[in-house]
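Letter by letter, the chains look like this.
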Amino acid sequence: MSELHNNPSFAKSAWFLRRLPDMDEAQFHQWRVLLEHRTGMTLSAERRSFLETNLAIRMREIGCSSYQAYYETIVSGPDAIREWSTLVDRLTVQETRFFRDPDAFRLVADYVLTRPREQLRKRPLEAWSVGCSTGEEPYTLAMVLRECMNQLDLQPLYGVTGSDISTPVIEKARIGQFNARKLQGMDENMKNRYFRPAERNTVEIVESIRERVCFTRLNVLDLDKAPMHGMNIVFCQNLLIYFRRWRRRDIVRRLAERLAPGGLLVLGQGELTDWQPPGLQKVPSEHVLAWIKRQADEE
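Taking an unreviewed UniProt entry as the reference, the chain is identified by name as protein-glutamate O-methyltransferase belonging to Marinobacter aromaticivorans.

The phi angle at D153 is positive, at roughly 60°, despite the residue not being glycine. By the element assignment, D153 lies in the loop between α9 (136-151) and β2 (158-164). For N201, which is not a glycine, the phi torsion comes out positive at approximately 60°. Its place among the elements puts N201 in the loop between β4 (195-197) and β5 (202-205).

With that settled, the discussion passes to the packing of aromatic side chains. According to the stated counting rule, one finds 8 aromatic pairs in the structure shown. Here W31 and Y71 contribute two aromatic rings whose centre-to-centre distance is 5.4 Å and whose plane-to-plane angle is 85°, an arrangement assigned as edge-to-face. In this pair, W31 sits in helix α3 (residues 25-39) while Y71 sits in helix α5 (residues 67-76), placing the two residues 40 residues apart along the sequence. By relative accessible area, which is 0% here, W31 ends up buried. Taking 6.0 Å as the distance between ring centres and 85° as the angle between the ring planes, the aromatic pair formed by Y139 and F178 counts as edge-to-face. Of the two residues, Y139 is situated in helix α9 and F178 in strand β3 (residues 177-179); the sequence distance between them amounts to 39 residues. The exposure class assigned to Y139 is buried, which follows from its relative accessible area of 1%. Judged by its relative accessible area of 5%, F178 falls in the buried class. Members of the aromatic cluster, connected to one another through ring pairs, are F98, Y139, F178, F195 and F215.

Calculation rules
- Residues numbered from 1 in each chain as written.
- Predicted model: local features only at pLDDT ≥ 70, side-chain atom pairs only at ≥ 80, totals over all residues.
- Heavy atoms only, no water.
- Helix = DSSP H or I, 4+ residues; strand = E, 2+ residues; numbered from the N terminus.
- Phe/Tyr/Trp six-rings, centres within 6.5 Å; stacked < 30°, edge-to-face > 60°.
- Buried < 20%, exposed > 50% of the residue type's maximum accessible area, 1.4 Å probe, protein only.

Here is the structure:
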């Protein structure tokens, strides 16, 4: 037994399995303040275990034994920027899939199909997926727009931008390869048109869709610096739930500023209640929370 304990690999694995002490109130407050200041994301007291679990996993990976030591690594360590990016990726990546909200994508299709055809011939449609994670949402938008253009017998003049705060998920999104379960519930004809088999039992997006989608890293706290302007469609679902009410309203105002007149803003159901964003007209729908930006002569 003594030889086993003296074995470096055994000592490392034993430490790895050791339970970290619970996070105290002061430490939780410290981490909450840091997360909200840097990302705008708020964590309720009920989500302390979520924070503890994700911090502990990362701390074990890098051999850090206390929450305070890891906090100091994040704030002022020599590799603080890269480590912060890794942690944000762990804390913000959510489970997603293609056509996650079918009602919302049907609304997007109806919106495009009812645009003046001459307008669609002259100017490319620009769509933006905010908080795009690993890319399922922007690629879905690209497929919807392609289907609409085909139905209207028009050239596929459109582009989609996906943005997210996490650099690792943006890199995954650019690759365009997915586990087949991400296509669960998707129409078989759509699967056959827009995916092809790839390595290690994955599928990949066909080139005609990938070439229409670009990705960029963007923190929604920095929307005033975002280069997106004159967007026809802004799709922002399952992101605002992490922010305080006043910040949700501020984010929506800034997103609305990036819309072209007549542009469509789609949010997640229940993410914004009892407030009418200025300059926007709510879309009458029982299943989708969306607005159209008023034309100048409607102001």
